[in-house]
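# Working through the structure, step by step
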Amino acid sequence: MVGLKEELLKSIWHAFTALDLDRSGKVLSHNLCTVLNVPHDPVALEEHFRDDDEGPVSNQGYMPYLNKFILEKVQGNFDKVEFNRMCWTLCAKKNLSKSPLLISDEDAFKVWVIFNFLSEDKYPLIIVPEEIEYLLKKLTEAMGAGWQQERFDHYKIALNTSREGLSAWELIDLIGSGQFSKGMDRQTVSMAINEVFNELILDVLKQGYMLKKGHKRKNWTERWFVLKPNIISYYVSEDLKDKKGDIILDGNCCVEALPDKDGKKCLFLIKCLDKSFEISASDKKKKQEWIQAIQTTVNLLRAGSPPPHKEARQKRKELRQKLLAEQEEVERQMKELQTANENKQKELETVRKQLEAAAARAAEEEKKRLQTQVELQDRFSLELEREKMVRQKMEEQVAQKSSELEQYLQRVRELEEMYKQLQEALEDEKQARQDEETVRKLQARLLEEESAKRAELEKWHLQQQQTIQMTEAEKQELENQRMIKERALQVAMQQLEQLELERKEALEQYEEVKKKLETAANNTKSWKDKVAHHEGLIRLIEPGSKNPHLITNWGPAAFTEAELEQRQKSWKGKKATSE
């Protein structure tokens, strides 16, 4: 609840500073109660805004009333977008730049909300250069453009020389000016802002069209799915106007891939405690992305962790606080050295005055006093030199800390790139395993056909033996039948040879797929070694163990024990019919 209060305060601060409290404080309070679903208290409202010197406005200010009668009663059952839009309406007209921008008012509103999410927890609100870089990178990635690090470094240097960061309105001007989106049209920039807004503010981890199987009618219907940290909502279309239902996620949920069936491909199943949902993605890549996104969300729920973007924001803040503490410590040490230096200077000045007074009082001891003064000056000069060396060493330590920070950030970027490459290697391995499974099914079908042909040949052989034992009177007629069956036998032998050739080709294809699988496994092992070398910051997602396969006299079989029993029953039935 404390985090929610801080988020609300940032938007309220913008609206509060843009209004004349004596005339519009009641309006702001009334609107806040409406959008936050807080019961109105007209008596407390009139008492707080009483127009005299004894009223709480003059004695206590607006914050006590806001905390006691509004924020402490907020339960979280309100529309955050509607709340932010109300605060935006109160402050945008006064603060928004009048110069033409490349973004619409709606996009400016979304940038304003993102600013409140990324800004520092101190007032007046600003967004520091590190968070500006993070936001611009997200927008550039969403637009499909390349990040211009050198241009931002120049901008960051110019910004650091004048201020600590940007206000919300300056950030809107920066994005609206197109300085970091040159070559992009307004629609592309708007879509990028909307995508970042959905991820950071609405906690949308993934969204897109997929087919969902009904629980009653068992029909397949296209729906727009939206994945959030603890729920999957599905709508009729992407305008989110007609909501059809929710899939509540918790630590007990799981997701697993399904084989193709009923003419539907790329299937997967979401299992919850009370219900399961069958989903069909548009292709294998989208299927794998959704499975991985849902599994990651369930793992975060089990661990009780916040969404990835909120956890990353917290880590960036902690890193900045750590660096700020180190910088303050260095500055404190520098001030102590400066104070000690000033004290030494004062002592030196005092000694010099004493020596001058002594020289005036005793001319006879002038040489001795002058010599003493020179010695003291030399001594203090040495101490000053030592202090300068200490100060220089401290500056070198500060530079070394900055260099170590840059190396750490570079290492993080390398690990992110390595993680992407590892994901690609895992995709190759999974594709190779799917190809292997297809070849195994083809081999099983060929083996089944070959067994059927062998049974048919045995049946014809028995019939020939029975024909030889018949009487001589029927010999001529049986001879004709034998010739016909021999021709059929020759045709069957040719078909058997053809099946044998097809089986050999299937085995060759199986060997090729097996080699591809071994290559993919070697690539995965290589990436595992690289990740382990980088201190184990990334854990691989490995395929689980497979069930043991049956072995026939022709090699590995791609069917289960239940399928084998069914085939045995079929063979016994054919044999009994032939006898």
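Up top is the structure these notes are about.
Residues numbered from 1 in each chain as written. Predicted model: local features only at pLDDT ≥ 70, side-chain atom pairs only at ≥ 80, totals over all residues. Heavy atoms only, no water.

Our focus in this paragraph is the overall build of the protein. Counting secondary structure elements, the protein contains 16 helices and nine strands. The buried share among the 579 residues of the protein stands at 34%. For the protein, the proportion of contacts with a sequence separation of at least 24, taken over those separated by at least 6, is 64%. Summing over all exposed atoms, the protein offers an accessible surface of approximately 36,800 Å²; the carbon and sulfur share of this is 50%. (Helix = DSSP H or I, 4+ residues; strand = E, 2+ residues; numbered from the N terminus. Buried < 20%, exposed > 50% of the residue type's maximum accessible area, 1.4 Å probe, protein only. Contact = heavy atoms within 4.5 Å. Areas by Shrake-Rupley, 256 points an atom, 1.4 Å probe, with all protein chains shown as cover.)

Take the packing of aromatic side chains next. In total, this model carries 14 aromatic pairs according to the counting rule given. One Lys or Arg, Arg85, reaches over the ring of Phe109 and ends 4.3 Å from the middle of that ring. (Phe/Tyr/Trp six-rings, centres within 6.5 Å; stacked < 30°, edge-to-face > 60°. Lys NZ or Arg CZ within 6 Å of the ring centre and 35° of its normal.)

Turning next to the sheet that holds strand β5 (residues 254–258). Two modes of strand pairing occur in sheets, parallel and antiparallel, and in both the strands are linked by backbone hydrogen bonds. If you trace the seven strands from one edge of the open sheet to the other, you get β4-β3-β2-β1-β7-β6-β5, paired in antiparallel fashion. Pairing within the sheet leaves two strands with one partner each, and these edge strands are β4 (243–248) and β5. Strand after strand, the sheet turns through a mean of 35° between neighbouring axes, direction not considered. Alignment of strand β1 (residues 206–213) against strand β2 (residues 220–228), held across eight bridges, turns out to be antiparallel. Within β2, the residue paired with Gln207 across the bridge is Val226. (Pairing = 2+ DSSP bridges. Axes fitted to C-alpha atoms, helices over the stretch in contact; angles between N-to-C directions.)

Quick look at the side chain of Lys206 now. Counting through the fold element by element, Lys206 comes out in strand β1. One polar contact links Lys206 to Glu289, side chain to side chain, over a distance of 3.2 Å. Those residues in contact with Lys206, other than ones at most four positions away along the chain, are Phe225, Val226, Leu227, Glu289, Trp290 and Ala293. (Polar contact = N/O pair within 3.5 Å; in protein donor to acceptor, adjacent residues only side chain to side chain.)

This structure, assessed with the given rule, holds zero disulfides. Unpaired in this structure, Cys91 has its nearest cysteine sulfur neighbour in Cys87, at a distance of 7.2 Å. (Disulfide = S-S within 2.5 Å.)

Another point: helix α10 (residues 168–176). The buried fraction of α10 is high, at seven of nine residues. Among the residues of α10, those classed as buried are Ala168, Trp169, Leu171, Ile172, Leu174, Ile175 and Gly176. A positive backbone phi angle near 75° is found at Gly178, which sits one or two residues after α10.

Right, let's talk about helix α9 (residues 149–160) for a bit. If you check α9, its first and last C-alpha atoms are 16 Å apart, about what 12 residues at 1.5 Å a residue would give, namely 16 Å. Each element contacted by the buried residues of α9 is listed here: α8 (129–143) and α10. (Expected span 1.5 Å × (residues − 1).)

Right, let's get into unusual backbone geometry. Omega for the bond connecting Tyr123 with Pro124 falls within 30 degrees of zero, at 0°, which places this linkage in the cis form. Position of Pro124 among the secondary structure elements: in the loop between α7 (105–118) and α8. If you check the backbone angles, Asp203 has positive phi at about 55° while not being a glycine.

Summed over all chains, the structure comprises 25 salt bridges. For Glu256, the salt bridge identified is with Lys271, shortest N-O distance 3.5 Å. Highlighted residues: Glu256 in strand β5 and Lys271 in strand β6 (residues 267–271), separated in sequence by 15 residues. For Glu256, a relative accessible area of 32% gives the class partly exposed. A salt bridge links Glu349 to Arg352, with the nearest nitrogen and oxygen atoms 2.3 Å apart. Here Glu349 pairs with Arg352, and both are found in helix α13 (residues 308–361), just three residues apart, close to one helical turn. The class of Arg352 is partly exposed, set by a relative accessible area of 29%. Sharing partners across several salt bridges, the network here consists of Glu450, Arg454, Glu500 and Arg503. (Salt bridge = Lys/Arg side-chain N within 4 Å of Asp/Glu carboxyl O.)

Most of strand β3 (residues 231–235) is tucked away, with five of its five residues classed as buried. Here β2 pairs with β3 via five bridges, running antiparallel. Directly across from Trp224, in β3, lies its bridge partner Tyr235. Pairing between β3 and β4: five bridges, direction antiparallel. Within the sheet, the bridge partner assigned to Tyr235 lies in β4 and is Lys243.

The next subject is the nonpolar core. The tendency in soluble globular proteins is for nonpolar side chains to be buried side by side. The biggest cluster of nonpolar side chains holds 63 residues, and the ones touching the most others in it are Leu8, Leu32, Leu36, Phe83, Trp88, Trp112 and Ile172. The greatest single-element share of this core, amounting to nine residues, is contributed by α7. Beyond its immediate sequence surroundings of up to four residues, Trp112 is in contact with Ser11, His14, Asn84, Cys87, Trp88, Cys91, Ala168, Trp169 and Ile172. (Core = buried A, V, L, I, M, F, W, Y, C linked by side-chain atoms within 4.5 Å.)

Let's shift gears to a negative patch on the surface. A surface patch of negative charge is lined by Glu417, Glu424, Glu427 and Asp428. Following the sequence through the fold, Glu427 ends up in helix α14 (residues 366–468). Under the relative-accessibility criterion, Glu427 is labelled partly exposed at 36%. (Patch = residues over 30% accessible without salt bridge, like charges linked within 9 Å, V, L, I, M, F, W, Y side chains within 5 Å. Lys, Arg positive; Asp, Glu negative; His and termini not counted. Charge placed at Lys NZ, Arg CZ, Asp CG, Glu CD.)

Another point: a nonpolar patch on the surface. A contiguous nonpolar surface patch, about 240 Å² in accessible area, is contributed by Tyr408, Leu409 and Val412. Owing to a relative accessible area of 47%, Tyr408 belongs among the partly exposed residues under this scheme.

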